[in-house]
Amino acid sequence: MTSRVQLQEVVKQYEHIFNDVPGNANIIEHEVKLTADEPIRSKPYTIPYNVRESLKKYFRDMINERKTALTEFASTSTKTWEQHLVGFDEVFSRLASAGFTARPTKCVLGAESIEFIPNYAAKAVPLSDLTNKSQPNQVVWSDAQEKAYSALKTELTSFAILWLPDNTKPFTPRTDASDTGLGAVLLQEHDGKLSPVTYASRKLTESDFSTTEL
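Residues numbered from 1 in each chain as written. Predicted model: local features only at pLDDT ≥ 70, side-chain atom pairs only at ≥ 80, totals over all residues. Heavy atoms only, no water.

Give a description of the nonpolar core that names residues and reports values.
V10, I17, F18, F88, F92 and L95 are the most contacted members of the largest nonpolar core, which has 13 residues in total. Elements supplying a minimum of two residues to this core: α1 (3-13) and α3 (81-98). At six residues, the largest contribution of residues to this core is made by α3. F88 has contacts with L7, V10, L109 and G110, leaving out every residue within four places of it along the chain. (Core = buried A, V, L, I, M, F, W, Y, C linked by side-chain atoms within 4.5 Å. Buried < 20%, exposed > 50% of the residue type's maximum accessible area, 1.4 Å probe, protein only. Helix = DSSP H or I, 4+ residues; strand = E, 2+ residues; numbered from the N terminus. Contact = heavy atoms within 4.5 Å.)

Structure, rendered in structure tokens:
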């Protein structure tokens, strides 16, 4: 039986978790105790302007923490194909039991290596800015967009290999910042040199601290 067929058999057992529709997670339940059974009706009110940015930052941090937790919850790395199949079964089972779903277009299964673009968020700023609501309906393509587009094409053909993390080895963090974004990479020694095991990047907004303050 080929590796492809083996993987297909495992995936077939959990077809219901591969869906573009978000699942209904039930791993955490919160009980709110009320002083009375009668519901309290109140008109909606706007958030004061002076606290809006702090609330936005709070929610962004909460979402990022949630993403990190989900990544750790659903990640698997092994040294043999047989161990990898067992890992898939365990991850899929955990996702199913928690009520999570996995978007098929975001899943990479059984890959020997994964290519990433370091500090992507900052490098793609001239392109991602074109999608802002404040931009005109007609796209204005300038030198900044052309340079960003060419740089990303070069990155995609440079084969930056992302190694699987080995928890028995020490990790080495590296960080960088510019006027438009933040970047970080976590490295481990493989084949006698430091190689990336994960990347993180984020575009800076006007409400963020400046890079000198960070």
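And the narrative resumes.
An account of the side chain of H190 is needed here, citing residue identities and associated values.
With respect to the helices and strands, H190 occurs in strand β4 (residues 181-190). For H190, the contacting residues outside a window of four places in its chain are W163, L164, K169, S195 and V197.

Give a description of the packing of aromatic side chains that names residues and reports values.
For the structure shown, the criterion picks out four aromatic pairs. With a centroid separation of 5.6 Å and 15° between ring planes, the pair formed by F88 and F92 is classed as stacked. Taken together, the positions of F88 and F92, both in helix α3 and four residues apart, correspond to about one turn of that helix. Given the relative accessible area of 5%, F88 is considered buried. By relative accessible area, which is 4% here, F92 ends up buried. An angle of 75° between the planes, with centres 6.1 Å apart, marks the rings of W141 and Y149 as edge-to-face. A residue is classified by how much of its surface remains accessible, and Y149, at 38% relative accessible area, is partly exposed. A network of ring pairs unites the aromatic residues Y14, F18, F88 and F92 as a single cluster. (Phe/Tyr/Trp six-rings, centres within 6.5 Å; stacked < 30°, edge-to-face > 60°.)

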